[in-house]
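Fold and contact review
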Amino acid sequence: MKKLAVRNLRLCTKDCLCLYVCPVGATDTENSVIDKEKCTGCGVCAQACPSGAISMVPLEYPPQQQKAETVLTASRAVCQNKAGQEGIARQLAEETEDDALYRLMSAAAKSIRLVHEDLSRESGYMLPQSKNARERLQGWIQEPPAPDFPREAAQELLDRIPCNES
Amino acid sequence: MRYICPICGYVYDEEKEGRAFSEIADGWFCPICGAPGTVFTVEEPREEAVVAAPETDSPEKQSFGEFAALCSNLARGCEKQYLEEESALYRRLAEYFTAVAPKAKGKNLEDLASCLRNDLSGFYPALRQAAESAKDRGILRVCTWGEKVTRMLLSLVERCQKEGTDFLKGTSVWVCTICGFIYIGDNPPEICPVCKVPDWKFEKVEGRRSV
Ligand code: SF4
Ligand code: SF4
C-alpha cells in the first residue's frame, strides 16, 4: 500500500534527523509540512525521528467493514438517546445559576457527545472517505436539512476527500 | 465477599479490608475512579440474561443532534489522518447542527437520569446482544466504554439530586477526551479508568466565570 510521511508539528523538536536521511529532500520545507509531491513513502524519516513525530499514513484506505443491519438498528436507538441526553445536559447547563451544576452539565454534554461519536464511528462512519459519509454530504447539499445549511462547506468536503469505495 | 467497581474493576475485598462492605458503602467512593460505593456489585460470574430489545420510537428522520455527532466524529476522523482543513469543515457542520437542534426546554435532572437509566437497562444490552451475534468486536468495545461512562454520569446526576452540588464546589470536573469518562477531583487520574489513556488526555471543564 502506498504511503506518505506526515509530520506531527506538535511533537517535532526540530532535531532534523529526518532532513538528513530523506533521500529526496521531501522533509526539508519552509513550513515544516513534508512535501507530498516529493515524498516516495520510503519510511526512512519515520524510523530516524527521535520524537516519533512522523507517521506513515496510507494514501488510500481500504473500504470500511460492513455492518450488520441488526447492529445498525440497535446502534441507531442508542444514538438517538444520546442526542436527546446531550440536548438536556446543554439546556440544564444554560439555565442553571449554580456554577457547580453548570460545570457538571457542560462535562455531561461533552461526555455524551464523545460516547455518541464513538458509536457513530463504529456504525458505518469510520472513514471520511467512505461512501456513507459522502452520501450524507450529497443528501444535505441536494436537500438542505434546515435553513442556512452551509452547503459550500459540504461541497468542499466532497471535492477534497476522494471516495475509497466503488 | 468481594465487591467490584462497575466502572474500573477495582475490587473491595472484605477479608483483606477487615470491614463489611455494607458498613462503608454509603458515602464511600472507589479510590481509583471515584464511583460511589453504592454502585459496586458482588463479584460473581456474570450470567447472560437474554434481553428483549426495547421498543423505540426511532423516527424515520435522524435528529440534528445525531447529525452533529456524525459530523464531529468525521472531524476527528479527518484529524487522525492529518486532514486539518477537512476536519475544520466537518467541525463547522457539527457546530451548525448543534446550533439548530431544538432546545430541550422544561427538562430537569430526573429527565436526564431516567434517559441514562434506559440506556443502561435496555438499549446497551440490546446493542451488545446484536453485536455478539454479528461478532462485531468494534461495537462490543463501544458498549463496554459507553456503559461505563454512562454509569458514571448517572451516578453523578443521582448524587446531585440527592445532596445538591456541594460536592463539586472547590474541586474540578474532568472529562477524558477519548472516551468521555467524567472524573471529579483536584487532578485528573493518572490513567483513565475506562479507556486507559494518560492524564494529559483529560480536559478540565471550566466554570462560567472563567470563560
Ligand atoms: S527527525 Fe523528527 S523531531 Fe527531528 S525534525 Fe524530523 S520530524 Fe522533527
Ligand atoms: S518517507 Fe522517505 S521520501 Fe518520504 S519524507 Fe520520509 S524519508 Fe523522505
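All of these numbers come straight from a predicted model, not from anything done at the bench. (Residues numbered from 1 in each chain as written. Chains lettered and ligands numbered in written order. Predicted model: local features only at pLDDT ≥ 70, side-chain atom pairs only at ≥ 80, totals over all residues. Heavy atoms only, no water.)

1. Some words on the site of ligand 2
To keep it simple, the criterion reads: What makes a residue near a molecule or strand is one non-hydrogen atom of that residue sitting within 4 Å of it. Any residue that is not Ala, Val, Leu, Ile, Met, Phe, Trp, Tyr, Cys, Pro, Asp, Glu, Lys or Arg is counted as polar, Gly included; the first ten are nonpolar and the last four charged.
Taken together, 14 residues form the shell around ligand 2, and within it A:C22, A:C39, A:C42, A:G43 and A:C45 come nearest. Residues belonging to the shell around ligand 2 are distributed by class as follows: 10 nonpolar, 4 polar and no charged.

2. A word on the packing of helix α3 (residues 69–95) of chain A against helix α5 (residues 109–133) of chain B
Relative orientation and spacing of two packed helices are given, respectively, by the angle between their axes and the distance between those axes. Let me state the cut-off plainly: Every axis corresponds to a line fitted to the C-alpha atoms, with the helix fit spanning only the stretch in contact, and the corresponding angles, defined between N-to-C directions, vary from 0 to 180 degrees. Numbering of helices and strands runs from the N terminus; a helix is a DSSP stretch of H or I covering at least four residues, while a strand is a stretch of E covering at least two. Oblique is the label for any angle not covered by the other classes, which are roughly parallel (under 35 degrees), roughly antiparallel (over 145) and roughly perpendicular (65 to 115). Left-handed describes a crossing whose near helix is turned anticlockwise from the far helix through less than a right angle; right-handed describes the clockwise counterpart. Contact criterion: two residues are considered in contact whenever any of their non-hydrogen atoms come within 4.5 Å of each other.
Closest axis-to-axis distance for the α3(A)/α5(B) pair is 9 Å, and the angle between their directions is 165°. One way to sum up the angle between α3(A) and α5(B) is to call them roughly antiparallel. The hand of the α3(A)/α5(B) crossing is left-handed. Taken together, the residues of α5(B) that come into contact with α3(A) (itself represented by A:T70, A:V71, A:A74, A:S75, A:A77, A:V78, A:N81, A:K82, A:Q85, A:I88 and A:L92) are B:L109, B:D111, B:L112, B:C115, B:L116, B:D119, B:F123, B:Y124, B:A126, B:L127, B:A130 and B:A131. A per-class count over the contact of α3(A) with α5(B) returns 16 nonpolar, 4 polar and 3 charged.

3. Side note on the side chain of A:S75
So the rule is basically this: With a 1.4 Å probe rolled over the protein chains alone, any residue whose accessible area is under 20% of its type maximum counts as buried; one over 50% counts as exposed, and the rest are partly exposed. By the criterion applied in these results, polar contacts are pairs of N or O atoms within 3.5 Å in which, for protein atoms, one can donate a hydrogen and the other can accept it, and in which residues neighboring in sequence qualify only through two side-chain atoms.
Following the sequence through the fold, A:S75 ends up in helix α3. For A:S75, a relative accessible area of 2% puts it in the buried group. Among the polar contacts made by the side chain of A:S75, one reaches the side chain of A:S123 at a distance of 2.7 Å. Aside from chain neighbours lying at most four places away, what touches A:S75 is A:L119, A:S123 and B:L127.

4. Looking at the site of ligand 1
Close contacts around ligand 1 come from A:R7, A:C12, A:T13, A:K14, A:D15, A:C16, A:L17, A:C18, A:C49, A:P50, A:S51 and A:I54, and that covers them all. In the shell around ligand 1, the residues fall into 7 nonpolar, 2 polar and 3 charged.

5. Quick look at the pattern of salt bridges
For clarity, the threshold we go by: A carboxyl oxygen of Asp or Glu within 4 Å of a side-chain nitrogen of Lys or Arg is what we treat as a salt bridge.
The tally for this structure, following the rule as stated, stands at 24 salt bridges over all chains. Between A:R121 and A:D118 there is a salt bridge, and its shortest N-O distance comes to 2.7 Å. One end of the pair is A:R121 and the other is A:D118, both in helix α4 (residues 99–122) and 3 residues apart, which spans about a single turn. For the residue pair A:R121 and A:D118, the accessibility class agrees, reading buried in each case. Note that B:E79 and B:R91 form a salt bridge whose closest N and O atoms lie 3.7 Å from each other.

6. Considering the interface of chain A and chain B
To keep things clear, this is the line we draw: What gets called buried area is simply the loss in accessible area from a 1.4 Å probe that two parts show on being joined, summed for both.
Contact residues are listed per partner, giving 76 residues for chain A and 88 residues for chain B. Of the roughly 6800 Å² buried at the junction of chain A and chain B (both faces included), carbon and sulfur atoms supply 63%. When the buried surface of chain A facing chain B is broken down by residue, A:R76, A:R103 and A:L104 rank first, second and third, together holding 10% of it. For the pair chain A and chain B, the number of links is 10 salt bridges. For A:E117, the salt bridge is made with B:R76, and the minimal N-O distance between the two is 2.8 Å.

7. Considerations on unusual backbone geometry
Not every positive phi belongs to a glycine, and A:S32 is a case in point at roughly 70°. Counting through the fold element by element, A:S32 comes out in the loop between α1 (17–21) and α2 (44–48). Assessed through its relative accessible area of 17%, A:S32 is described here as buried. One non-glycine residue with positive phi stands out, namely B:K135, at about 50°.

8. Quick look at helix α6 (residues 151–160) of chain A
Note the cut-off: Directions pointing from the helix axis toward each C-beta atom define the arc.
Of all the positions in α6(A), only A:A153, A:A154, A:L157 and A:L158 are classed as buried. Around the axis of α6(A), the buried residues are gathered within 140° of arc, so they sit on the same side. Residues of α6(A) that are buried in the fold lie against α5 (131–142) of chain A together with α4 (84–100) of chain B.

9. Considerations on the pairing of strand β5 (residues 182–185) of chain B
Residues and elements named next belong to chain B. Keep this limit in mind: When DSSP finds at least two bridges between two strands, those strands are taken to pair.
Strand direction decides the pairing type here: strand β4 (residues 172–176) and β5, joined by 4 bridges, are antiparallel. Residue pairing across strands places V175 opposite I182, the latter belonging to β5. Adjacent in sequence and paired antiparallel, β4 and β5 are bridged by 5 residues, among which G180 carries a positive phi angle near 95°.

10. Some points on α5(A)
Just so we agree on the cut-off: The span expected for a helix works out to 1.5 Å for each residue beyond the first.
With 12 residues, α5(A) ought to run about 16 Å at 1.5 Å a step, and its terminal C-alpha atoms sit 16 Å apart, in line with that. Those residues of α5(A) lying buried are A:A133, A:R134, A:L137, A:W140 and A:I141. All buried residues of α5(A) fall inside an arc of 125° around its axis, so they share one side. Residues of α5(A) that are buried sit in contact with α6 of chain A together with α3 (64–80) and α4 of chain B.

11. Overview of the domain arrangement of chain A
Residues and elements named next belong to chain A. Heads up, the rule is: An automatic or database domain assignment is the source of the domain bounds shown.
Per the domain assignment, the segments of chain A are domain 1 (3–58), domain 2 (64–126) and domain 3 (127–166). With 4 residues of domain 2 at the contact, the number on the domain 3 side is 6 residues. With both sides pooled, the region where domain 2 packs onto domain 3 buries about 500 Å², and carbon together with sulfur makes up 43% of that total. A per-residue breakdown of the area domain 2 buries against domain 3 is headed by Q64, Y125 and M126, which together make up 86% of the total. Counting across the domain 2 and domain 3 interface gives 0 salt bridges. Tallied by class, the residues present in the side of domain 2 that touches domain 3 amount to 2 nonpolar, 2 polar and no charged.

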